[in-house]
Amino acid sequence: MVTSSFPIKRDGSEAAGAFVADLAEELSAQGRVRVVAPGSQTLFERWKEGVEIFRYAAPSRPLSLLHPWRPDDWPWLVRVLRGGLSATRAASRDDARHILAFWGLPGGEWARRAARERGIGYSVWLLGSDVWSLGRVPLMRSLLARVIRQASRAYADGHQLAAAAQHMARAPVEFLPSTRRVDAAAVPPPRAQAPYRLLFLGRWHPNKGVDLLLDALALLEHDDWQQIERVEIQGGGPLEAQVRERVTALRAAGHPVEAGHFLNKAEAEAAIMRADWVLIPSRIESIPLVFSDALQIGRPVVCSPVGDLPTLASNVGVVARAVSAEAWRTAIRTALRASPISYVQGITERRAMFSLASIAQRILREPLGNCP
């Protein structure tokens, strides 16, 4: 398994890397798994029984925040690209039978090169940032299309994302959802009536819409706030200064809003359990991990009408009419006047598709193939 996102500090900042870690452990039940992942330095690590980690040196911030148009990022970009490929070659030595890359770039390119050298096959799993961000840059689009075309299998964690990637590469791309293992045992139900507890859990980045959410909260009226016990804004990222400033202003106005920090897995599950509604105000999205987390813990969502969320969330919460502060104010007001309990049946039906064991079994059933 080759990835650019994997737990380093285990503080919750790894985002989709938590899914990769859980999947590695699930797959290790069927045999040894080697993972190429970022770290503070180049080293070999035994993660858990059956899972070995080949770390390549990477900066403390997410690799998605490195950009080639920033000269200050060039040293790290060069170091990561060389280190990741070297670690992939080391991990695919000897008896490696297949390489599974997370995500399209740079992991997919590392997997493509190493697989070709070893004469084995590789698969690639795509995120929205691969297709909808990197895919807009002509050179990156060409590289990504080649990675998809030469892969034994290409997956995407959203239906619309799979269709877009397939159109771009002119090669088959299959939908396969990403999800995390939820370790919570006894899960209390959400409240049946107001006042409710609301939660945003994710990166403080424009794509995730935390600024949009804060705009919407500022538009709520006194009667709306009477229906809210607490709003938690948990996470961290490039919009941190703005988030904390806006939360301070809301608190000064007498509103119960809290700005937290990145949460590790146990803390994230606890935050969802104490919430009644999980807020997903993304501007760009396929199916975020926090969506499947919420379903597994039995919490309805309020989400933006982007990616696959309008279809998936139709019976498990409230979908905003547009990606705007005004539309989000209306969506929050709708949720505040509904009962989270009314979505229990829909949540139970929908979360069946987010089974980590089923996802692992599907990967293991696929033919390994050889690199062309």
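Residues numbered from 1 in each chain as written. Predicted model: local features only at pLDDT ≥ 70, side-chain atom pairs only at ≥ 80, totals over all residues. Heavy atoms only, no water.

(A) The overall build of the protein, seen in detail. Check the secondary structure of the protein and you find 15 helices and 14 strands. Relative to the 2.2 N^0.38 estimate, which gives 21 Å for 372 residues, the radius of gyration of the protein is 21 Å and therefore close to what a compact globule would have. Across its three principal axes, the protein shows a C-alpha extent of roughly 65 × 45 × 40 Å. For the protein, with 372 residues in total, the buried portion stands at 54%. Taking all contacts inside the protein whose residues are at least 6 apart in sequence as the whole, residues at least 24 apart take part in 67%. When the accessible surface of the protein is split by element, carbon and sulfur atoms take 52% of a total near 16,000 Å². Taking the average location of the 46 positive side-chain charges in the protein and that of its 37 negative ones, the two points are 5 Å from each other. (Helix = DSSP H or I, 4+ residues; strand = E, 2+ residues; numbered from the N terminus. Rg over C-alpha atoms; globule rule 2.2 N^0.38 Å. Buried < 20%, exposed > 50% of the residue type's maximum accessible area, 1.4 Å probe, protein only. Contact = heavy atoms within 4.5 Å. Areas by Shrake-Rupley, 256 points an atom, 1.4 Å probe, with all protein chains shown as cover. Lys, Arg positive; Asp, Glu negative; His and termini not counted. Charge placed at Lys NZ, Arg CZ, Asp CG, Glu CD.)

(B) Local environment of unusual backbone geometry. Looking along the chain, the bond that leaves Leu-105 and enters Pro-106 is cis, with omega of 0 degrees. Mapping Pro-106 onto the fold places it in the loop between β5 (98–102) and α3 (107–118). Following Ala-194, the chain continues to Pro-195 via a peptide bond in cis, the omega torsion being 5 degrees. Its identity is not glycine, yet Asp-94 carries a phi of approximately 55 degrees, on the positive side. The phi torsion at Arg-170 lies on the positive side, around 55 degrees, for a residue other than glycine. Checked against the element boundaries, Arg-170 lands in the loop between α6 (159–169) and β8 (174–175).

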